[in-house]
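# Structural description and commentary
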Amino acid sequence: MVFDGCFVTGTDTGVGKTLVSAALLHTLARHHARVVGMKPVAAGLVQQGGAWVAEDALALRAASTVAVPPALDNPVALPEPLSPHLAAARAGRRVGVAELVVAHRGLRRLADVVLVEGSGGWRVPLNDSETLADLAVALALPVVLVVGLRLGCLNHALLTAEAIRADGLHLAGWVANTVDPAMACRDENIQTLRQRLTAPLLGVVPWQLDTPDARQIVLDLPEPWQSKENHELAERI
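Residues numbered from 1 in each chain as written. Predicted model: local features only at pLDDT ≥ 70, side-chain atom pairs only at ≥ 80, totals over all residues. Heavy atoms only, no water.

## Quick look at unusual backbone geometry
Our working definition: Note on conventions: DSSP H or I runs of at least 4 residues are helices, E runs of at least 2 residues are strands, and numbering of each starts at the N terminus.
Phi at Ala 140 is positive, roughly 55 degrees, even though this residue is not glycine. Tracing the backbone shows Ala 140 in the loop between helix 6 (132-139) and strand 8 (143-149). Its identity as a non-glycine residue notwithstanding, Thr 198 has a phi of 50 degrees, on the positive side. One can find Thr 198 in the loop between helix 8 (186-196) and strand 10 (201-205).

Shown next as structure tokens:
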């Protein structure tokens, strides 16, 4: 099967999904000519250049190798930083899996690889009956789990991995992100997760005090995600 994308989720909100997603995009660009990030739902906008935009979407665009219409890479941009179903309700609209799948289909026509970054954790509600997990299932993409290294991460990571597999999806790997520089027994926690997640550790992101730089993060891609042919094409372009 040809690799054409992945879904990035996290153990919680604020664990560095966007930073890791950008790092994955930079890494994927070494093997594939056209890579693009998608933030299906962004809740919480900032003003830039006279327009309201999502910072997560901007970070993914900066790490992508092709420019696409905003309606495709960030089809739902909601003003308030709330759970998607609440932010959508306060904005007077409904968000559903079907419209997000359509946007993803549009991206697939423009790129070789589409990385989809979720919002919050695995079961974050989109509306009264659907969650972000339903989108991941509809897209049938391999999943990368971002684990925020802090007290409680073991339980959060193991439960999330269990939910991913229960939904019938493949946990292709996980990334450990140091969100608490003072975390006790950090390395021991990583080792525990290596033993129990039964998925490859793609990388450990160190604590970055200043503005994090996704280009400096070293990640190991699963072998099937690497394409020598596309890598050579990218070097010629």
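## Digging into the confidence of the model for the chain
Caution applies to low-pLDDT regions: their predicted coordinates should not be interpreted in detail. Where we set the bar: A score between 0 and 100, pLDDT records how confident the predictor is in each residue. Contacts are residue-level and defined by heavy atoms, with any inter-residue pair within 4.5 Å sufficient.
Looking at the chain, the pLDDT average stands at 93 and 95% of residues meet or exceed 70. Note that pLDDT drops below 50 for residues 230-237; the model gives that stretch 9 contacts with residues more than four away or on any other chain.

## As for the pattern of salt bridges
To be explicit about the condition: Should a side-chain nitrogen of Lys or Arg be within 4 Å of a carboxyl oxygen of Asp or Glu, the pair is scored as a salt bridge. Residue exposure (1.4 Å probe, protein chains only): buried if accessible area is under 20% of the type maximum, exposed if over 50%, otherwise partly exposed.
A complete count under the given rule lists 10 salt bridges for this structure. Here Arg 150 and Asp 12 are joined by a salt bridge, their closest N and O atoms 3.4 Å apart. Of this pair, Arg 150 sits in the loop between strand 8 and helix 7 (153-166) while Asp 12 sits in the loop between strand 1 (5-10) and helix 1 (17-28); the two residues are 138 residues apart in sequence, bridging distant segments of the chain. According to the relative accessible area criterion, Asp 12 is partly exposed, its value standing at 30%. One salt bridge in this structure joins Lys 39 and Asp 56, with 3.2 Å as the shortest N-O distance.

## Quick notes on the packing of helix 7 against helix 8
Selection rule: Angles shown run from 0 to 180 degrees and are taken between the N-to-C directions of axes, each axis being a line fitted to C-alpha atoms and, for helices, limited to the stretch in contact. Here the word oblique covers every angle except those under 35 degrees (roughly parallel), over 145 (roughly antiparallel) and from 65 to 115 (roughly perpendicular). Here is the rule for handedness: rotate from the far helix to the near one, and if that takes an anticlockwise turn smaller than a right angle the crossing is left-handed, while a clockwise turn gives right-handed. Throughout this entry, Asp, Glu, Lys and Arg are counted as charged residues, while Ala, Val, Leu, Ile, Met, Phe, Trp, Tyr, Cys and Pro are counted as nonpolar. The remaining residues, Gly among them, count as polar.
Close contact between helix 7 and helix 8 brings their axes to 10 Å; oriented N to C, the two are set at 20 degrees. Our classification of the angle between helix 7 and helix 8 gives roughly parallel. Both helix 7 and helix 8 take part in a crossing whose hand is right-handed. Side by side, helix 7 and helix 8 meet where Cys 153, Leu 154, Ala 157 and Leu 158 of the first sit next to Asn 189, Thr 192, Leu 193 and Arg 196 of the second. Looking at side-chain class alone, the contact of helix 7 with helix 8 contains 5 nonpolar, 2 polar and 1 charged residues.

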